[in-house]
Amino acid sequence: MKILSIHKYLRYEISFTRHQVAVNTNLLLITAITWESEESPAMSPVQENSRWPRVSKFTLSACAATVAELVTFPLDLTKTRLQIQGEGGSRQHGGSVQPPKYRGMLSTAMGIVREEGPLKLWQGVTPAIYRHIVYSGGRMLAYEQLRESVLGRSENGIFPVWKAVIGSMISGALGQFIASPTDLVKVQMQMEGRRRLEGKPPRVHGVYHAFTKIIAEGGIRGLWAGWVPNVQRAALVNLGDLMTYDTVKHFLLRNTSIPDNSICHGLASICSGLVAAIMGTPADVVKTRVMNQPRDSNGRGLLYKSSTDCLVQSVRKEGFFSLYKGFLPTWFRMAPWSLTFWLTFEQMRRAMGISSF
């Protein structure tokens, strides 16, 4: 409408020279184009421009998770070592718990650097990245599909908390079940440095060897050893992560003056990292111990019959708070992981012209 109005104005404009008419016409046309571009919805950062939005969202989730995993992986290795050491003591001494070698996250990290070398802090990062390509890409895509299509928002555009709980747990469980084989390989590779220090022969010599060894010993089913605590833990962690981030972010946007920017994303991610650590640490301890235990030729665990059996044995032999072994490194890892992931993910979506999460 503004372009038509400008042309109507040009029709009646009086200019004394042909040069003046040309100059005025060009200026007014430039102004019209500028006004039109300012009002065009195609320039909005929330416009969906991707031809394959699901593929794009999966890819961006995987890329953001890879960045976050590389930054925080040493904390994950530290957490795993802390969770396993009580188990090793009770196994070697007929149920009596050996005094732990490491006390605290910093002591564990410094011990690994001193005894094994700094690069060992990233031992097992390759299968961890493989895991997150499948796990994070799958869980994020599944949650958005559940939120937008299956469960649906309310009439006022709000996604209720109870729906967020259901959607986050389903998407986390689904993503983790698919990615469980890579998680099993990651845990086993993380423990190789400790086995060498204890004078034990290495079990695996790389990602490919780990996969082939697991299949040779337990068949295809062996790749999903410990999948039950794995999935339980993922459902709880996603309940804390996805549900908290989605709820806190949109609460801030609706009830405060904070815009949809990095400050809003950072505040929501800090909350999600804390809640995810509180809810996921007990399941993470059980998952790690079940997946790391030795197995017979049929792929059955020699220490624990099930995740429930592992839970009961851990509490009976080491106390309730053994379930929160490694809580601080878990939280210290989840907080920067969540912050790095969500900031990277949101900025990638904006750069690609995909709507904010």
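Residues numbered from 1 in each chain as written. Predicted model: local features only at pLDDT ≥ 70, side-chain atom pairs only at ≥ 80, totals over all residues. Heavy atoms only, no water.

(A) Main features of the overall build of the protein. Scanning the protein from N- to C-terminus turns up twelve helices and zero strands. Its helices and strands in sequence order give the protein the pattern α-α-α-α-α-α-α-α-α-α-α-α, from N to C terminus. Put simply, the protein has 357 residues, and 46% of those count as buried. The long-range fraction of contacts in the protein, counting pairs at least 24 apart against all pairs at least 6 apart in sequence, stands at 74%. (Helix = DSSP H or I, 4+ residues; strand = E, 2+ residues; numbered from the N terminus. Buried < 20%, exposed > 50% of the residue type's maximum accessible area, 1.4 Å probe, protein only. Contact = heavy atoms within 4.5 Å.)

(B) Spotlight on the confidence of the model for the protein. The share of residues in the protein with pLDDT of 70 or more is 77%, and the mean pLDDT across the chain is 76. Highest mean pLDDT in the protein belongs to helix H9 (residues 227–255) (89); lowest belongs to helix H2 (residues 18–39) (36). Within the model, the stretch residues 1–47 combines pLDDT values under 50 with 28 contacts to residues more than four positions away or in other chains. A low-confidence stretch, residues 88–97 (pLDDT under 50), is modelled with 15 contacts involving residues beyond four sequence positions or located in other chains. (pLDDT = per-residue confidence, 0-100.)

(C) Broad picture of helix H4 (residues 105–116). Over its twelve residues, H4 extends 16 Å from the first C-alpha to the last, a length consistent with the 16 Å expected when each residue adds 1.5 Å. Those residues of H4 not exposed but buried are Thr-108, Ala-109, Gly-111, Ile-112 and Glu-116. Buried residues along H4 cover an arc of 160 degrees about the axis, so they all sit on one side. In H4, the exposed positions angled more than 90 degrees off the buried face are occupied by Leu-106 and Arg-114. Taken from the residues just after H4, Gly-117 is the one with a positive phi, measuring 105 degrees. (Expected span 1.5 Å × (residues − 1). Arc of directions from axis to C-beta.)

(D) The nonpolar core, seen in detail. Ranked by internal contacts, the top residues of the largest apolar core, which has 19 residues, are Met-140, Tyr-143, Leu-242, Phe-341, Trp-342, Phe-345 and Phe-357. Elements that contribute at least two residues to this core include exactly helix H3 (53–92), helix H5 (125–150), H9 and helix H12 (327–351). Within the second largest apolar cluster, eleven residues are counted, among which are Leu-184, Val-187, Leu-223 and Ala-225. (Core = buried A, V, L, I, M, F, W, Y, C linked by side-chain atoms within 4.5 Å.)

(E) Inspection of the environment of Thr-80 at higher detail. Structurally, the position occupied by Thr-80 is in helix H3. Between the C-alpha atom of Thr-80 and that of Met-191, which follows or precedes it by 111 residues, the distance is 8.1 Å.

(F) Examining empty space enclosed by the protein more closely. Throughout the structure, instances matching the rule amount to three cavities of 30 Å³ or more. Its volume calculated, the largest cavity comes out at about 230 Å³. In terms of lining residues, the largest cavity is bounded by 20 residues, among which Arg-233, Val-237, Arg-333, Met-334 and Trp-337 are the most central. (1 Å grid on protein atoms, 1.4 Å probe; cavity = no way out; pocket = protein on both sides within 12 Å on 5 of 7 lines; lining within 4 Å. Points joined across faces, edges and corners; volume = space filled by probe spheres on them.)

(G) Geometry of helix H10 (residues 262–292). Its 31 residues place the ends of H10 only 38 Å apart at the C-alpha level, less than the 45 Å of an ideal helix rising 1.5 Å per residue. At Gly-280, H10 shows its largest bend, some 50 degrees, and a proline, Pro-282, comes one to four positions later. (Bend = angle between axes of the 7 residues up to and from the residue.)

(H) Expanded view of the side chain of Glu-144. Take Glu-144: it is sitting in helix H5. For Glu-144, the residues in contact, after removing those within four places along its chain, are Lys-57, Arg-349 and Phe-357.

(I) The side chain of Arg-233, seen in detail. By the element assignment, Arg-233 lies in helix H9. Given the relative accessible area of 8%, Arg-233 is considered buried.

(J) Quick look at the packing of H9 against H10. H10 packs onto H9 with a crossing angle of 170 degrees between their chain directions and a minimal axis gap of 8 Å. Taken together, the axes of H9 and H10 are roughly antiparallel relative to one another. (Axes fitted to C-alpha atoms, helices over the stretch in contact; angles between N-to-C directions. Parallel < 35°, antiparallel > 145°, perpendicular 65-115°, else oblique.)

(K) Structural detail: the environment of Gly-326. Note that Gly-326 resides in the loop between helix H11 (307–318) and H12. Linking Gly-326 and Gly-104, residues 222 residues apart in sequence, is a C-alpha distance of 7.9 Å. Discounting chain neighbours no more than four positions away, the residues touching Gly-326 are Lys-79 and Leu-82.

(L) Here's a closer look at the packing of aromatic side chains. For the structure shown, the criterion picks out 16 aromatic pairs. An angle of 80 degrees between the planes, with centres 5.3 Å apart, marks the rings of Phe-177 and Trp-227 as edge-to-face. Placement of Phe-177 in helix H6 (residues 161–190) and of Trp-227 in helix H9 is noted, with a sequence separation of 50 residues between them. The partly exposed category is assigned to Phe-177, whose relative accessible area is 35%. Accessibility expressed as a relative area gives 38% for Trp-227, which makes it partly exposed. (Phe/Tyr/Trp six-rings, centres within 6.5 Å; stacked < 30°, edge-to-face > 60°.)

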